[in-house]
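# Summary of the model geometry
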Amino acid sequence: PVSRGPFGGEMSSPPSEGSRSARGAARHGSAKLSPMTPGDIPESPLAAFEAAQDRLRALVAGRDRAVFIEPPRTGAWCVVEIVRHLLFAEQKHLGRYTPSRDWNPLGLPPHNMNPRRRGQAVEWVPTLDIDEVLEAWRTEHERIRPFLDPARPEIQSTLAGTTRHLRSHTAVIERILRARR
């Protein structure tokens, strides 16, 4: 007999007493599988992305704002510039699924890219106010989120890639902040 698993897929019935899998299960302990707990269920790509955003926000919360504007000795972006870049990345990668392609001018594209809005280059607004950037990013995410249909595989793939990008930059921010202690 066939039964349905927690995600609707077919599962075969438990192994019969003399079957190969029953003999293997006997060698390894039990023929029964443990029930899935909520922690065993894979996180949705959108939930993973939002958890990574929350982690970054928690990382910068309550810190002295001066550490966010000091550039690293390497000459790389400071923390605020990285967060501005993450705002831009969400607009670029996830904003393509929205009906209108608007750019928040607080975003920061890579040096080799300047997206266009209605045929004109976007005028990026420099800022060193991390709270302003985080608020703009929150607003952009709220605008984009309704269009991130979990049933569309291409959106799930884009979310997964954008989450990896966010986590990578969060690790850089952690290193910058650790070096400033």
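Here, every reference points to the structure presented above.
Residues numbered from 1 in each chain as written. Predicted model: local features only at pLDDT ≥ 70, side-chain atom pairs only at ≥ 80, totals over all residues. Heavy atoms only, no water.

## Some remarks on the overall build of the chain
When its secondary structure is counted, the chain shows six helices and four strands. The N-to-C order of helical and strand elements in the chain reads β-β-α-α-α-α-β-β-α-α. Across the 181 residues in the chain, those meeting the buried criterion constitute 36%. Of the contacts made within the chain by residues no fewer than 6 positions apart, 64% connect residues no fewer than 24 positions apart. About 11,400 Å² of surface is accessible on the chain, with carbon and sulfur atoms providing 54% of the total. (Helix = DSSP H or I, 4+ residues; strand = E, 2+ residues; numbered from the N terminus. Buried < 20%, exposed > 50% of the residue type's maximum accessible area, 1.4 Å probe, protein only. Contact = heavy atoms within 4.5 Å. Areas by Shrake-Rupley, 256 points an atom, 1.4 Å probe, with all protein chains shown as cover.)

## Points about the packing of aromatic side chains
For the coordinates displayed, the defined rule picks out one aromatic pair. When the ring of Phe 88 is compared with that of Trp 103, the centres are 5.3 Å apart and the planes differ by 20°; the resulting orientation is stacked. Here Phe 88, found in helix H4 (residues 79–93), pairs with Trp 103, found in the loop between H4 and strand S3 (116–117); they are 15 residues apart in sequence, far enough to count as distant. There is no split in this pair, since Phe 88 and Trp 103 are both buried. (Phe/Tyr/Trp six-rings, centres within 6.5 Å; stacked < 30°, edge-to-face > 60°.)

## Quick notes on the nonpolar core
The tendency in soluble globular proteins is for nonpolar side chains to be buried side by side. Formed by 33 residues in total, the largest nonpolar core has its most connected members in Leu 56, Val 79 and Val 83. Only helix H2 (45–60), helix H3 (66–69), H4, helix H5 (130–144) and helix H6 (153–179) provide two or more residues apiece to this core. With residues near it in sequence (within four places) discarded, Val 83 still touches Leu 56, Ile 130, Val 133, Leu 134, Trp 137 and Ile 173. (Core = buried A, V, L, I, M, F, W, Y, C linked by side-chain atoms within 4.5 Å.)

## Remarks on the environment of Phe 68
Turning to its location among the elements, Phe 68 is positioned in helix H3. For the pair Phe 68 and Leu 128, spaced 60 residues apart in the sequence, the C-alpha separation amounts to 7.9 Å.

## A short note on the packing of H4 against H6
Running from amino to carboxyl end, H4 crosses H6 at an angle of 180°, the nearest separation of the two axes being 10 Å. Relative to H6, the element H4 is oriented roughly antiparallel. In this structure, H4 uses Val 79, Ile 82, Val 83, His 85, Leu 86, Ala 89 and His 93 to contact H6, whose residues at the interface are Thr 158, Thr 162, His 165, Leu 166, His 169, Val 172, Ile 173, Ile 176 and Leu 177. Tallied by class, residues from the contact of H4 with H6 come to ten nonpolar, six polar and no charged. (Axes fitted to C-alpha atoms, helices over the stretch in contact; angles between N-to-C directions. Parallel < 35°, antiparallel > 145°, perpendicular 65-115°, else oblique. Nonpolar A, V, L, I, M, F, W, Y, C, P; charged D, E, K, R; others polar.)

## Concerning H6
Taking 1.5 Å as the rise per residue, H6 with 27 residues should run 39 Å; its terminal C-alpha atoms sit 39 Å apart, in good agreement. Every buried residue of H6 is accounted for by Ile 155, Gln 156, Thr 158, Leu 159, Thr 162, Thr 163, Leu 166, His 169, Thr 170, Ile 173, Ile 176 and Leu 177. Those residues of H6 that are buried are in contact with H2, H3, H4 and H5. (Expected span 1.5 Å × (residues − 1).)

## Observations concerning H4
Taking 1.5 Å per residue as the helical rise, H4 with its 15 residues ought to reach 21 Å, and the 21 Å between its terminal C-alpha atoms agrees with that figure. For H4, the tally of buried residues reaches twelve of 15 residues, placing the bulk of the element in the interior. For H4, the complete set of buried residues consists of Val 79, Val 80, Ile 82, Val 83, Arg 84, His 85, Leu 86, Leu 87, Phe 88, Ala 89, Glu 90 and Gln 91. Packing partners of the buried residues in H4 comprise H2, H3, H5 and H6.

## Overview of the packing of H2 against H4
Following both chains from N to C, one finds H2 and H4 inclined at 160°, their axes separated by 13 Å at the closest point. Classed by the angle they form, the pair H2 and H4 counts as roughly antiparallel. Of the two elements, H2 crosses H4, and the hand of that crossing is left-handed. Here Phe 49, Gln 53, Leu 56 and Val 60 of H2 lie close against H4, whose contacting residues are Val 79, Val 83, Leu 86 and Glu 90. (Left-handed = near helix turned anticlockwise from the far one by under 90°.)

## Brief notes about the environment of Ala 52
The topology assignment puts Ala 52 in helix H2. Taking the C-alpha atoms as reference, Ala 52 lies 9.1 Å from Arg 164; in sequence the two are 112 residues apart. Ignoring sequence-local partners within four residues, the contact set of Ala 52 consists of Thr 163, Leu 166 and Arg 167.

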